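If you want the building blocks of each chain, they are given just below.
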Amino acid sequence: MTILREALNDLDLGGCALPMALEAMGERWSFMILRAAFNGVKHFEEFQQELSIARNILSNRLSRLVEHGIMMREVMAEDRRKVRYELTAKGIDLLPAMVALRQWGEKWGAGVPSTPVLVDIRDEQPIGAVTILAHDARALGPGDLVWKHRSELQPLGQARAKTGANDGA
């Protein structure tokens with residue numbers, strides 16, 4: 001199995017997007033707010049009621065999510081005291097990560113499937129496990145992955161099929 005290696009001390013948001021993503025998300029409450037948003041919760045009071053979260057923490061986390069462009073904040077015209085929060089396209093793009101974390105928690109944390117179950121709207125069957133896919137939709141595992149500098153990428157069809165294919169054997 002190939003060992004994945006990257007610059008692991010790159011925490012200054014320079015060459016790796018993971019520290020940036022973690023900075024934007026913060027911690028547990030941000031994920032819980034996102035889960036509520038994916039479930040249709042839109043107003044501050046609804047988030048507070050559904051999550052049983054302190055107003056100051058909720059306000060802080062919502063502000064952070066808005067600041068990072070994950071959610072947008074809209075003051076309601078009919079009642080300026082009411083504010084509506086909605087996921088942006090950037091926030092919606094977090095759905096696969098949220099589903100993957102939930103599936104991981106079901107497998108390794110809770111040990112039982114969650115209820116309700118996320119299903120395909122067409123077939124009403126549970127979704128499959130989130131996985132890493134190649135450009136051609138092949139499922140990939142850890143042994144199929146290697147880190148490369150972007151400048152080393154080859155046009156499709158020109159990359160070596162397997163490591164060692166060009167070693168003269």
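Everything numeric in this text was worked out from a predicted model, so none of it was measured. (Residues numbered from 1 in each chain as written. Predicted model: local features only at pLDDT ≥ 70, side-chain atom pairs only at ≥ 80, totals over all residues. Heavy atoms only, no water.)

A. Molecular detail of the packing of aromatic side chains. Taken as a whole and assessed by the stated rule, the structure comprises 1 aromatic pair. Seen in terms of ring centroids, Phe-47 and Tyr-85 are 6.4 Å apart; in terms of plane orientation they differ by 75°. Their pairing is edge-to-face. Of this pair, Phe-47 sits in helix α3 (residues 44-51) while Tyr-85 sits in strand β2 (residues 83-87), and the two are 38 residues apart along the sequence. Residues Phe-47 and Tyr-85 agree in their burial class; the two are buried. When the ring centre of Trp-29 is taken as reference, the NZ or CZ atom of Arg-28 above it lies at 4.7 Å. (Phe/Tyr/Trp six-rings, centres within 6.5 Å; stacked < 30°, edge-to-face > 60°. Helix = DSSP H or I, 4+ residues; strand = E, 2+ residues; numbered from the N terminus. Buried < 20%, exposed > 50% of the residue type's maximum accessible area, 1.4 Å probe, protein only. Lys NZ or Arg CZ within 6 Å of the ring centre and 35° of its normal.)

B. Quick look at the pattern of salt bridges. For the structure on display, the rule yields 7 salt bridges. Note that Glu-27 is salt-bridged to Arg-61, the shortest N-O span being 2.6 Å. Residue Glu-27 is located in the loop between α1 (17-25) and α2 (28-38), and its partner Arg-61 is located in helix α4 (residues 55-67); the two are separated by 34 residues in the primary sequence. When its relative accessible area of 18% is taken as the criterion, Arg-61 is described as buried. (Salt bridge = Lys/Arg side-chain N within 4 Å of Asp/Glu carboxyl O.)

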